Structures are given as structure tokens and as C-alpha cells.
Amino acid sequence: MTDNELVAASIRGDETAFAELFERHRQLVARLGYRFFFRREQVEDVIQESFSKAYFALGDYQGGYEASFPAWLTRITVHTCYDELRRQRRRSENELGDLSDDEAAYLHEKLRDQSPGANVEGTAITRDLANKLLHRLRPEDRLLLTLVNLEEKSVAEIADLMGWTSAKVKMRAHRARESLRRVLHKFV
Amino acid sequence: MWRWNKKTVDDGKLQLIEKEIYRALEPQSVEIEAAATSPFFYRRLRAHIEAEARRRAEAGREWGAWLMTARQATPALALVALLAVGVFWSAVESVSSPQTLVSNDVSANLLATGDVSSDELVAALAGVERQDSNGTGTEPEKEQR
């Protein structure tokens, strides 16, 4: 059965059809969730929330939407992640904590290393440290940088995903990059 | 305690660090595969969906009840509105009638002179009414003379 047939069956109340959709696209949602959150429980919350939203929006799904169910589900998941990032920000949930002295010193050393052969490639910036750094950005900055650098989405794709204009995406991407650099500059 | 000082940093180096950050965030395929594989996960998802459906239905029922009340109250509200319009209309009619205009003129004149007691005002108005009942304004005074 195709995705569109499964969606139609789910709308008619076929529970196994929705279970099949979940099984098919679970990893797509999990991969996106891990782009923004690194704890498994957080990612599983994203999966649950995204599929729940998708279930109630099945009636709005039109088979022709960007030619695929995964594209439609991706949009829902990105918005779920964005909402969660904003929620965390509002709650000032500093679950990641500040950088330890060791981590700060490590970054400082890497950024100040002026030796000719100095190259940060291959050095071990841990996921924990990377998350702590990105946690200092605003949610929209983090979202944009992640979509551009990790998901390798084009400006047009991001504009479509977020419902923004291309000009807004470009401007925000520029600002987001500047924000990250300001964060890094603090450790120079 | 580590502290930072303001110094410039090579732009290329910043770019490399940025790349390194993103590379660190790349999830392992094992992690992706392991996510939501618990046999209870889908059951939990279904429970979440059912709870959400109940919540939405409840919210829908509240709206429905509110709309039903509004619908039942519409005839009564319409009647009240009609009565209000009727009362307003009759009030306007009485204000614009000639007798009231004369009375208003008298009271306005009396009030314009300054110190007027309520008794004087009532007496003046009664006088106007008496004059009106006689059919003329100053005729009774002439007859007395």
C-alpha cells in the first residue's frame, strides 16, 4: 500500500494503517528530532507529538502535497521541534548548564591556536559541548542553522517549511550565523 | 575561573569550529533506529492521541453548549430589544410634542434668571398649563383687568 492509501485508510478509522505509517516514517522523525535534542526522552517526545499532530491533521493532507507524505510529516516535525525549543527557552530550562571551565578553556585554545598547521578538524567537540553552545542561541537561529548546515535544506525549502519568505530566510540565516560567531567569540 | 578577553579570531577558524559543532550533532544511525522501538511506544502514542481526541471533543461540547444557550436566548433578547426601541420611540415622541416644548421654554427661562426654587418652577409650569387649558397665553390677565 502507498502512503496515500494508508492515509485514506487511517481517515476511515483503520488503526493498523496509521500504525503502518508510524512504522514507515518513525526514523525520519527520530532523525530530525536528534538534530535539535540529544536526549532520547526528548526525541521520543518529539516523535509522539509529531505523529499525534499528524493524526489529527490527516484530513488536511492532500496526496499531491509536495508529492509525498514524508515532506508533509517533515514540516510537522520541524514545527514541533521549533515549538519545543521555544518552550524550553520560555521555561529558561537550563538543563544543559553552562560550559565547564575545561570546555571553555578547550574552546579558547582551539580558537586561539595560530600555529600554521592548526586545524580543528578531528578534534573532539563532543555533542554535549555542541549542544551547550547552540543552546545559547535563540530558537529560530538554532532552527535555521540546523536546517541549513545539518539538513542541507535550500533557502526555498526552508521558506516553504516555515512559511516565511525567501528574503526572510536569508536575513535570519545571516543573523543566526552572526549570533553563533558572537557566542564563539566569547571563548577567544 | 576561566575568563575571556576581547580578541579577534580568524574567520576561517570560526568556520571550522562551526563545522565541527555540526558534525558533533550528527546523530548515530544506531540511536535513530533505537528511538521509539519500545513495544509500548506505539501504545503510548495511541493513548496520547485518544486523550487529545477526548480533550478536543470536550472543548467542542463546551462551544456547542454555549451556542445552544445563545440560540435559545435569541428570541428573549430580540423581545427586550424591541421593547427598548418602543420605549425610546415613545420618549422621543413626547419630548418633541408642542406642550412639552412650551414647558421646556418656561423652565429654561426661569432657570436662566438664576435663583429659582423648585416650588416656583412647579408653580410656573402649572400656570402655563392653565393658560393652555384656556386656549391663550395672556388672555386671563386681560379679563381680570
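Note that this is a predicted model, so its numbers are computed, not measured.

Thresholds applied
- Residues numbered from 1 in each chain as written.
- Chains lettered and ligands numbered in written order.
- Predicted model: local features only at pLDDT ≥ 70, side-chain atom pairs only at ≥ 80, totals over all residues.
- Heavy atoms only, no water.
- Helix = DSSP H or I, 4+ residues; strand = E, 2+ residues; numbered from the N terminus.
- Buried < 20%, exposed > 50% of the residue type's maximum accessible area, 1.4 Å probe, protein only.
- Areas by Shrake-Rupley, 256 points an atom, 1.4 Å probe, with all protein chains shown as cover.
- Phe/Tyr/Trp six-rings, centres within 6.5 Å; stacked < 30°, edge-to-face > 60°.
- Lys NZ or Arg CZ within 6 Å of the ring centre and 35° of its normal.
- Contact = heavy atoms within 4.5 Å.
- Core = buried A, V, L, I, M, F, W, Y, C linked by side-chain atoms within 4.5 Å.
- Axes fitted to C-alpha atoms, helices over the stretch in contact; angles between N-to-C directions.
- Parallel < 35°, antiparallel > 145°, perpendicular 65-115°, else oblique.
- Left-handed = near helix turned anticlockwise from the far one by under 90°.
- Nonpolar A, V, L, I, M, F, W, Y, C, P; charged D, E, K, R; others polar.
- Patch = residues over 30% accessible without salt bridge, like charges linked within 9 Å, V, L, I, M, F, W, Y side chains within 5 Å.
- Salt bridge = Lys/Arg side-chain N within 4 Å of Asp/Glu carboxyl O.
- Expected span 1.5 Å × (residues − 1).
- Polar contact = N/O pair within 3.5 Å; in protein donor to acceptor, adjacent residues only side chain to side chain.

K.L.:
Sorry if this is basic, but what is going on with the overall build of chain B here?
P.N.:
Within chain B one finds 6 helices and 0 strands. Each of the 145 residues in chain B was classed as buried or not, and the buried ones make up 17%. Accessible surface, chain B as shown: approximately 11100 Å² in total, 60% of it carbon and sulfur.

K.L.:
What is the right way to read the packing of aromatic side chains from this model?
P.N.:
Each aromatic ring pair is characterised by the separation of its centres together with the angle its planes make. Following the criterion strictly, the structure yields 10 aromatic pairs over all chains and no others. Relative to Phe-51 of chain A, the ring of Phe-22 of chain A has its centre 4.9 Å away and its plane inclined at 70°; by these criteria the two rings are edge-to-face. Taken as a pair, Phe-22 of chain A in helix α2 (residues 15-36) and Phe-51 of chain A in helix α3 (residues 40-57) lie far apart in primary sequence, 29 residues in all. Residues Phe-22 of chain A and Phe-51 of chain A agree in their burial class; the two are buried. Through a chain of ring-to-ring contacts, three or more aromatic side chains come together here, namely Phe-18, Phe-22, Phe-51, Tyr-55 and Phe-56 of chain A together with Phe-41 and Tyr-42 of chain B. In this arrangement the basic side chain of Arg-172 of chain A is found over the ring face of Trp-164 of chain A, its NZ or CZ atom lying 4.6 Å from the centre. The ring of Phe-56 of chain A has Arg-56 of chain B sitting right over it, with the charged end atom 4.1 Å from the ring centre.

K.L.:
Before we go on, may I ask you to explain the environment of Ala-9 of chain A in this structure?
P.N.:
All names here are of chain A. With respect to the secondary-structure elements, Ala-9 resides in helix α1 (residues 3-11). Given a relative accessible area of 2%, Ala-9 falls into the buried group. Every residue in contact with Ala-9, bar those within four places of it in the chain, is listed here: Met-1, Asp-14 and Ala-17.

K.L.:
What should I look at first to understand the nonpolar core in this one?
P.N.:
One recurring pattern in soluble globular proteins: nonpolar side chains tend to sit buried together. In terms of nonpolar packing, the biggest core is built from 45 residues, with Phe-18, Phe-22, Ile-47, Phe-51, Phe-69 and Trp-72 of chain A touching the most fellow members. Of all elements in the fold, only α1, α2, α3, α4 (69-90), α7 (139-149) and α8 (155-162) of chain A together with α3 (41-95) of chain B reach the threshold of two or more residues within this core. Sorting elements by how many residues they give to this core places α2 of chain A first, with 9 residues. Contact partners of Phe-69 of chain A, with chain neighbours within four places excluded, come to Asp-3, Val-7, Leu-21, His-25, Leu-58 and Tyr-61 of chain A.

K.L.:
What's the story with α7 of chain A in this structure? I'm lost.
P.N.:
Since the α-helix advances by 3.6 residues per turn, residues separated by three or four positions end up pointing in the same direction. When you tally the buried positions in α7 of chain A, you get 9 out of 11 residues, the bulk of the element. Along its buried surface, α7 of chain A packs onto α2, α4, α6 (127-135), α8 and α9 (166-185) of chain A together with α1 (11-25) of chain B.

K.L.:
So what exactly am I meant to see when it comes to unusual backbone geometry here?
P.N.:
In most cases, non-glycine residues show a negative phi, while peptide bonds are predominantly trans. If you check the backbone angles, Glu-152 of chain A has positive phi at about 55° while not being a glycine. Mapping Glu-152 of chain A onto the fold places it in the loop between α7 and α8.

K.L.:
Explain the packing of α2 of chain A against α3 of chain A to me, please; I cannot follow it from the model alone.
P.N.:
When two helices pack together, their arrangement is given by the angle between the helix axes and by the axis-to-axis distance. Residues and elements named next belong to chain A. At a minimum axis distance of 9 Å, the contact between α2 and α3 shows a crossing angle of 135°. Between α2 and α3, the interaxial angle falls into the category oblique. For the pair α2 and α3, the sense of crossing is right-handed. Of the residues in α3, those touching α2 at Phe-18, Leu-21, Phe-22, His-25, Arg-26, Val-29, Ala-30, Gly-33 and Tyr-34 are Arg-40, Val-43, Val-46, Ile-47, Ser-50, Phe-51 and Tyr-55. Of the residues that constitute the contact of α2 with α3, the class distribution is 11 nonpolar, 3 polar and 2 charged.

K.L.:
Is there a simple way to think about a nonpolar patch on the surface in this case?
P.N.:
All names here are of chain B. Where nonpolar side chains cluster on the molecular surface, the patch consists of Trp-63, Trp-66 and Leu-67 and spans about 420 Å² of accessible area. Note that Trp-63 resides in helix α3. Using a relative accessible area of 57% as the deciding quantity, one classes Trp-63 as exposed.

K.L.:
What should I look at first to understand the packing of α2 of chain A against α4 of chain A in this one?
P.N.:
All names here are of chain A. At their nearest, the axes of α2 and α4 sit 10 Å apart, and the two run at 40° to each other. The orientation of α2 with respect to α4, classified from their angle, is oblique. α4 is crossed by α2, and the crossing has right-handed handedness. Contacts between α2 and α4 pair Leu-21, His-25, Leu-28, Val-29, Leu-32, Gly-33 and Phe-36 from the former with Phe-69, Pro-70, Leu-73, Thr-74, Thr-77, Val-78, Cys-81 and Leu-85 from the latter.

K.L.:
Got a minute to help me understand the pattern of salt bridges in this structure?
P.N.:
Proximity of charged atoms lets side chains of opposite charge pair with each other. One pass over the full model with this rule turns up 19 salt bridges over all chains. Note that Arg-87 of chain A is salt-bridged to Glu-84 of chain A, the shortest N-O span being 2.7 Å. Of this pair, Arg-87 of chain A and Glu-84 of chain A both sit in helix α4, 3 residues apart, which is roughly one turn of that helix. By relative accessible area, which is 36% here, Arg-87 of chain A ends up partly exposed. Within the structure, one salt-bridge network assembled from shared partners comprises Arg-31, Arg-35 and Glu-151 of chain A together with Glu-26 of chain B.

K.L.:
What exactly am I supposed to notice about α4 of chain A here?
P.N.:
Over its 22 residues, α4 of chain A extends 32 Å from the first C-alpha to the last, a length consistent with the 32 Å expected when each residue adds 1.5 Å. One side-chain oxygen of the residue at the start of α4 of chain A lies 3.2 Å from the amide nitrogen of Ala-71 of chain A, identifying that residue as Ser-68 of chain A.

K.L.:
So what exactly am I meant to see when it comes to the environment of Leu-28 of chain A here?
P.N.:
All names here are of chain A. Relative to the helices and strands, Leu-28 is located in helix α2. Residues Leu-28 and Pro-70 lie 42 residues apart in sequence; the distance between their C-alpha atoms is 7.8 Å. Ignoring any residue separated from it by four or fewer positions in sequence, one finds Leu-28 in contact with Pro-70, Leu-73 and Thr-74.

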